[in-house]
Amino acid sequence: MKEKELTELTDQELLDRKKQQKSSKLINAILVGFCAGVIVYGVVNKGITIFTFMLIVMGAWAFIRWRKSDEALDNELKSRNLNEK
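Below: a short report on this structure. (Residues numbered from 1 in each chain as written. Predicted model: local features only at pLDDT ≥ 70, side-chain atom pairs only at ≥ 80, totals over all residues. Heavy atoms only, no water.)

Relative to the assigned elements, Lys25 resides in helix 1 (residues 11–46). Taking the C-alpha atoms as reference, Lys25 lies 9.8 Å from Arg67; in sequence the two are 42 residues apart. (Helix = DSSP H or I, 4+ residues; strand = E, 2+ residues; numbered from the N terminus.)

Here is the structure:
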């Protein structure tokens, strides 16, 4: 099932997404931190390998994707003049 676009959501659904966004930031930070730890461990023990570059690319891609979705949600909330409660 495809998720609705942000413009199609009701005000209450947008506010609920904002609450979910706050809790998912912790999970995202843990995942990016885990990737960084694996990268450091791999570089220290085996040097720079293709696995190191793959983790860097995946971590950067995930970080950029999460940041864009956060910005899109914030922009939609601002356009509707909805404040966090």
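Among the secondary structure elements, Lys18 is positioned in helix 1. For Lys18, the side chain forms a polar contact with the side chain of Gln21, separated by 3.1 Å. (Polar contact = N/O pair within 3.5 Å; in protein donor to acceptor, adjacent residues only side chain to side chain.)

Counted under the stated rule, the structure contains 3 salt bridges. Across the salt bridge formed by Asp11 and Arg80, the nearest N and O atoms sit 3.0 Å from each other. Of this pair, Asp11 sits in helix 1 while Arg80 sits in the segment after helix 2 (50–79); the two residues are 69 residues apart in sequence, bridging distant segments of the chain. Taking the relative accessible area as the measure of exposure, Asp11 reaches 39% and is therefore partly exposed. Judged by relative accessible area, which is 24%, Arg80 ranks as partly exposed. Asp74 is paired through a salt bridge with Lys18; the nearest N and O atoms lie 2.6 Å apart. Of this pair, Asp74 sits in helix 2 while Lys18 sits in helix 1, placing them 56 residues apart in sequence. Linked through salt bridges whose partners overlap, the residues forming this network are Asp11, Glu76 and Arg80. (Salt bridge = Lys/Arg side-chain N within 4 Å of Asp/Glu carboxyl O. Buried < 20%, exposed > 50% of the residue type's maximum accessible area, 1.4 Å probe, protein only.)

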